[in-house]
Amino acid sequence: MHYVMIGNSIASTACIEAIRSIDRKGSITVIGEEDHPCYSRPLISYLLQGKTDENRMKYRTAAFYEENKVTVLQGTRATSIDREGKTVCLDGETTLSYDKLLLATGSSPFVPPIKGLGEVKNWFTFLTLDEAKRLQTHLKKESRVLILGAGLIGLKCAEGILDKVQSVSVVDLAPRVLMSVLDEASSIQVRDHLQEQGLRFYLGDSIQECTANEALLQSGIVIGFDLLVIAVGVKPNIQLASEAGLAVNRGILVDQGGRTGDPDIFAAGDCSEGPEMISGQRAVLALLPNAYLQGETAGKNMAGDEAGFDKAVAMNALSLMGLHLITVGRYEGESHVIPCKDGYKRLFVKDNHLVGCILVGEASKRAGIYTAMIRNKVELDSLDFDLICEEPLLMAFAKNVRQQQLGGPV
Amino acid sequence: MGINYLYPPFEIIRNQDRCIACRVCERQCANLVHHYDEESGRMKADESLCVNCHRCVSLCPTRALKIVKTDHTFKENANWKTEVIEDIYRQAQSGGVLLASMGTPKDYPVYWDKMLINASQVTNPSIDPLREPMETRTYLGKKSSKISRDADGRIITSTSGQLKLDIPIMFSAMSYGSISYNAHKSLAMAASELGTFYNTGEGGLHKDFYQYGKNTIVQVASGRFGVHPEYLNAGAAIEIKMGQGAKPGIGGHLPGSKIGEDISATRMIPLHADAISPAPHHDIYSIEDLRQLVYALKEATRYTKPVIVKVAAVHNISAIASGIARSGADIIAIDGFRGGTGAAPARIRDNVGIPIELALASVDQRLRQEGIRGNVSLVVGGSIRSSSDVVKAIALGADAVYIATSALVALGCHLCRTCHSDKCNWGIATQNPELVKRLNPEVGSRRLVNLLTAWDHEIKEMMGGMGINSIEALRGNRLMLRGIGLHETELKILGIAHAGQ
Amino acid sequence: MKRIYVNEMWCLGCHLCEYYCAYANSGVQDMVKALKDKQIKSRITVEQRGTISFAVNCRHCTEPLCVKSCIGGAITSKDGVIVIDQSRCVLCYSCIMACPYGALMPAVEGVMQKCELCTTNSQGQPACIQGCPNKAIVFEER
């Protein structure tokens, strides 16, 4: 059996682990475009902050690849897939045959057409280790940094560099920060917190055009900058798949088992578009825990087992300059805002189930209990709802449920 | 508040250098003595509520606490001692009978501590219990006084119903109501494991404990709580409680506040009704009446279970015992004046009754004199505190002993003597579910088994030292005892010589 | 594999397990020195409402969601015991988001911590078992 994975990040690693738990004999080859050992992309802002280093950023040790007999082709690009011949073309030259193929190509930053961008000497995206290191070499004490995009990536980048530069300004077309992740109240809390730390925001605005060191915003404001970071969004890397004739939408379309239309080709991670549990519709859920679980499920199916990941929901856990945020699920149904001493908590209830939550600050303590309630579709009338709103406690569950959770074999 | 006549008897000494403010003392004190002061970040204590139960001391992870007797004093007075004065203050305030729990703490002579045990030297060599056969097994019940043979000339060896004890120690009566469900469970489990018996006391037998029936003695007391045919047949023996060492002459009292669902069902009385046992059994006014009850119980259990009659040790105990020995009872249990209680009037507990050592000796003597010693087995209780007390009791004539206070101490009791408050911090003498929880029967029964196993081993060592290898050979063997510091009358009653003689 | 199980029937809510846990993981020999006037962050958490109390700690799941969610791969399974390589933790809270028992929390030092069955400190046996006064916490296979 030859297992091949295109993409050397979280989903592929999970796939390796899943395959090896079933098949210790088949060969595994991973094709990675970046010339680095598999690393965790979310850690790049921490690298800039100084909280980690390239060695600690590695997702698995060198021993992992040895023990699991995995061949990694680093710095190699898969250029096309021949589904009939079941081969992958590498760098336009060599071919590698496969029995089962995983597409874990991730995503790439989206760069909008900005007038004058060509004149800007130092502009960056912020998704890969190489870009982060490139940005790092340009950071100076006097640098004025302008970040386009107040989403997850833009804000993490800002956090990573704030104390190393003179100023950081963030521009976003949306009227609030983290528009796709938070509601209004929590978004305002986050913005206020970040402003206190020294970030400057220009929301509901966008870059109309820029020169080498100045950006003219739609509103008429002019911002001078030395470094420009573009972090408005990412696009799933679906080219290989669509060229090979697989069904794609925003991402590569897959079912619960990570299967594409082709019985021998699977997709997982940020490049895939699989079923989201609450809506039942397919969506790109570009979040690390989902990438892992999707990769793991695909791996099991590739190795001949029958597995399905039917609990995919949107979820985010991040901290921004000391403020912790956790969001899970969808914001629909009945909303319950629970007053918190130090933070913000909002729960969403639909059809006797918890379907979503937004937790800021102290409210994020033990959040996994809420996540499990959402994923496991716990019937809310089977527990003490008032108590669980107040605090995520196992105490809120019925006694016999607690016995099972805590008293039995795991 | 006005005038505080009663100064707190205890002081709580907290070593602030060791205290980590973990608040376990605050969480575990049922009397709300300790609390955490947010402002100063320190633990504080109100000694006026402390009963000296040591719960906080025992749980403190850094041993930062100790409880000491206050050194606040009255002017020295050998006659008007502190507790005498304070008792008058209490009664002047309440107008009520002073209640007390557990056995009398008064300074009466402890005869166990004035008797010495023999050991073999030169002649009649000692027996090594680890290498030679030795048993502490014994049987309680009527023993025949002569050898009978059957038609084929073989000796008839069966006897009327006997209780088989693997060790000569049983758990004495403590009612469900005076002690908790978990305490009963611990006693029942331990009795089963040890091959001995525990006693239901006058509170009836909880349905969950019928499974331990073959290690249970069911008690029929003057209030007849929980007495019904299944109850009588559930145990291995039936005990008629005529009296209790701690409070001879009066009955038991369990306040209505302690009578919850469980106790109401087990005792067969209405919820929250005071459970007062009358002083006499109202159907026993003579020895003939007692005989009638003994046989009624035997009829109800088809003569399969031995009947025990429990009496308190009082002045004419020998005459009483003699009467009981002729009434058809199989075992007489005598409870000395030092016995414990859940609650009793203090004056009765401290002044009524006689020491078990003297009672035992005189009863054993009397029954032998009258030639009826074989009619009954004798079981004694009332402050048996160690294995040496057990050996001395058997040497004075007992077939086995009853322990209660010792068992509770093994379960965690610190003898703070405030059982009547229903706030036992150790989960023993309370019905408050929050406190009862503190006694995990798995832990409790293990401790009881450990205690009696240890005592059994020590008894064997002492017996071996005397050159004796069975309880029967030790029983009534007064020659194995010598008195020390006892005067002539005491020696005469005990039937032993003085050390040196 | 032996795990820690708490029986809510015997838990007294005394919180001694929390203090013994904090002490065991403090790296300091003397309990007073380890805990006096210090912020205590125990890896076992007592939940207490009304008369019910019980302690919750990591279940060391056979399918550990925290391991799968950690963005840095800092949480791994060592012979079934789930442990954190604290030098690689960046306190992103992904594991807190994932754990259905709420068994992970920030340590005093500012990285994540969780029960590791006292395999990574000098205790040998889990300290909470030794500290529990009522045998409400046991260490056994089920």
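Residues numbered from 1 in each chain as written. Chains lettered and ligands numbered in written order. Predicted model: local features only at pLDDT ≥ 70, side-chain atom pairs only at ≥ 80, totals over all residues.

## A short note on the overall build of chain C
The number of helices and strands found in chain C is 5 helices and 8 strands. Going from N to C terminus, chain C has its helices and strands arranged as β-α-α-β-β-α-β-β-α-β-β-α-β. The C-alpha extent of chain C, read off along each of the three principal axes, is 40 × 35 × 30 Å. Here chain C, with 142 residues, has 55% of them falling under the buried criterion. Looking at chain C alone, contacts between residues at least 24 apart form 58% of all its contacts between residues at least 6 apart. (Helix = DSSP H or I, 4+ residues; strand = E, 2+ residues; numbered from the N terminus. Buried ≥ 20, exposed ≤ 12 C-beta atoms within 10 Å, placed from the backbone. Contact = placed C-beta atoms within 7 Å.)

## Overview of the environment of Glu 458 of chain B
Mapped onto the secondary structure, Glu 458 of chain B falls in helix α14 (residues 441-466). Glu 458 of chain B sits in the partly exposed class, given 16 other C-beta atoms within 10 Å.

## Let's talk about the arrangement of the chains
Here 2 pairs of chains are in contact, and chains A and C lead that list by number of contacts. The two units chain A and chain B never meet; even their closest C-alpha atoms stay 17 Å apart.

## What about unusual backbone geometry?
We note that Leu 415 of chain B has phi near 55 degrees; this positive angle belongs to a residue other than glycine. Topologically, Leu 415 of chain B is positioned in the loop between α12 (405-411) and α13 (433-436). One non-glycine residue, His 15 of chain C, lies in the positive phi region at around 70 degrees. Tracing the backbone through its elements, the reader meets His 15 of chain C in the loop between β1 (3-6) and α1 (16-24).

## Observations regarding the sheet that holds strand β6 (residues 115-117) of chain B
All names here are of chain B. One open sheet holds the 3 strands; their spatial order is β6-β20-β21, and the pairing between them is mixed. The sheet is open, and its two borders are formed by β6 and β21 (497-498), each paired with just one other strand. As judged from the 2 bridges shared by strand β20 (residues 481-483) and β21, these two strands associate in the parallel manner. In the strand pairing of β21, Gly 483 is matched with His 498. Packing against the sheet, helix α11 (residues 387-396) makes contact with β6 and β20, and its axis sits at approximately 95 degrees to β6. (Pairing = 2+ DSSP bridges. Axes fitted to C-alpha atoms, helices over the stretch in contact; angles between N-to-C directions.)

## Brief notes about the domain arrangement of chain C
All names here are of chain C. By domain assignment, chain C separates into domain 1 (1-57 + 120-142) and domain 2 (60-114). Here the C-alpha centre of domain 2 lies 19 Å away from the C-alpha centre of domain 1. Listed as interface residues are 8 residues of domain 1 and, on the opposing side, 11 residues of domain 2. Among the residues making up the side of domain 1 that touches domain 2, the classes are represented as 2 nonpolar, 3 polar and 3 charged. (Domains from an automatic or database assignment. Nonpolar A, V, L, I, M, F, W, Y, C, P; charged D, E, K, R; others polar.)

## Regarding the nonpolar core
One finds Val 229 of chain A together with Ile 332 and Ile 334 of chain B to be the most contacted residues of the largest nonpolar core, which totals 320 residues. Excluding residues within four positions of it along the chain, Ile 332 of chain B makes contact with Val 309, Val 311, Ala 321, Ile 324, Ala 325, Val 376 and Leu 378 of chain B. (Core = buried A, V, L, I, M, F, W, Y, C linked by C-beta atoms within 7 Å.)

## Comments concerning the packing of helix α8 (residues 317-325) of chain B against helix α10 (residues 356-369) of chain B
All names here are of chain B. Contact geometry for α8 and α10: axes closest at 9 Å, N-to-C directions at 50 degrees. If you check the angle between α8 and α10, you find them oblique. Once α8 is placed against α10, the crossing between them reads as right-handed. Together, Ile 317, Ser 318, Ala 321, Ser 322 and Ala 325 of α8 and Ala 359, Ser 362, Val 363, Arg 366 and Leu 367 of α10 make up the contact between the two elements. The residue inventory of the contact of α8 with α10, partitioned by class, reads 6 nonpolar, 3 polar and 1 charged. (Parallel < 35°, antiparallel > 145°, perpendicular 65-115°, else oblique. Left-handed = near helix turned anticlockwise from the far one by under 90°.)

## Let's talk about the sheet that holds strand β21 (residues 282-283) of chain A
All names here are of chain A. One open sheet holds the 3 strands; their spatial order is β18-β20-β21, and the pairing between them is mixed. Every interior strand has two partners, whereas the edge strands, β18 (252-253) and β21, have only one. Two elements, β18 and strand β20 (residues 272-275), share 2 bridges in a ladder whose sense is parallel. Following the sheet pairing, Leu 253 is matched in β20 by Glu 273.

## Looking at the interface of chain A and chain C
Every contact between the two is made by 37 residues of chain A and, on the other side, 31 residues of chain C. At the level of elements, α8 (288-302), β22 (315-320), β23 (323-329), α9 (368-375) and α11 (399-407) of chain A are the ones that each hand at least two residues to the side of chain A that touches chain C. The residue makeup of the side of chain A that touches chain C, split by class, is 24 nonpolar, 9 polar and 4 charged.

## Some remarks on the interface of chain C and chain B
Contact residues are listed per partner, giving 16 residues for chain C and 15 residues for chain B. If you list the elements that add at least two residues to the side of chain C that touches chain B, you get α1 and α2 (31-35) of chain C.

## Remarks on helix α4 (residues 181-194) of chain B
Residues and elements named next belong to chain B. Counted at 1.5 Å a residue, the expected span for α4 with its 14 residues is 20 Å, and the 20 Å between its end C-alpha atoms agrees. For α4, the tally of buried residues reaches 12 of 14 residues, placing the bulk of the element in the interior. Among all positions in α4, only Tyr 181, Asn 182, Ala 183, His 184, Lys 185, Ser 186, Leu 187, Ala 188, Met 189, Ala 190, Ala 191 and Leu 194 are buried. Residue Gly 195 follows α4 closely and has a positive phi angle near 75 degrees. (Expected span 1.5 Å × (residues − 1).)

## Topic: the pairing of strand β4 (residues 78-82) of chain A
Residues and elements named next belong to chain A. The pairing of β4 with strand β5 (residues 87-90) spans 4 bridges and is antiparallel. Across the sheet, Ala 78 pairs through a bridge with Leu 90, a residue of β5. Hairpin remark: β4 followed by β5, antiparallel, with 4 residues in the connecting loop; positive phi at Lys 86, about 55 degrees.

## Let's talk about the domain arrangement of chain A
By convention, interface size is frequently given as the accessible area that disappears when the constituent parts associate. Residues and elements named next belong to chain A. Taken domain by domain, chain A comprises domain 1 (2-108 + 234-302), domain 2 (117-230) and domain 3 (322-407). Placing a centre on the C-alpha atoms of domain 1 and another on those of domain 2 gives a separation of 30 Å. With 11 residues of domain 1 at the contact, the number on the domain 2 side is 11 residues. Considering each element in turn, the side of domain 1 that touches domain 2 owes the most residues, 6 residues, to helix α2 (residues 44-49). A breakdown of the residues in the side of domain 1 that touches domain 2 according to their chemical character gives 6 nonpolar, 3 polar and 2 charged.

## Observations regarding the packing of helix α1 (residues 10-22) of chain A against α8 of chain A
All names here are of chain A. Where α1 contacts α8, the axes come no closer than 7 Å and their chain directions differ by 35 degrees. Of the two possible hands of crossing, α1 and α8 adopt the one that is right-handed. Facing α1, whose interface residues are Ile 10, Ala 11, Ser 12, Thr 13, Ala 14, Cys 15, Ile 16, Glu 17, Ala 18, Ile 19 and Ile 22, α8 presents Leu 288, Ala 291, Tyr 292, Gln 294, Gly 295, Glu 296, Ala 298, Gly 299, Lys 300 and Met 302. The residue makeup of the contact of α1 with α8, split by class, is 13 nonpolar, 5 polar and 3 charged.

## Examining the environment of Cys 340 of chain A
All names here are of chain A. Mapped onto the fold, Cys 340 is located in the loop between β24 (334-338) and β25 (343-350). Assessed through the 16 C-beta atoms surrounding it within 10 Å, Cys 340 is described here as partly exposed. Along the chain, Cys 340 and Glu 362 lie 22 residues apart, while their C-alpha atoms are 7.9 Å from each other. Setting aside residues up to four positions removed in sequence, Cys 340 forms contacts with Lys 345, Glu 362 and Ala 363.

## Brief notes about the pairing of strand β18 (residues 377-381) of chain B
Residues and elements named next belong to chain B. The element β18 is largely enclosed, with a buried count of 5 among its 5 residues. The two faces of β18 match: Ser 377, Val 379 and Gly 381 on one face and Leu 378 and Val 380 on the other face are all buried. Pairing of strand β16 (residues 331-335) with β18 involves 5 bridges; the strand directions are parallel. Bridge pairing in β18 places Ile 334 opposite Val 380. Direction of pairing for β18 relative to strand β19 (residues 400-403): parallel, over a ladder of 2 bridges.

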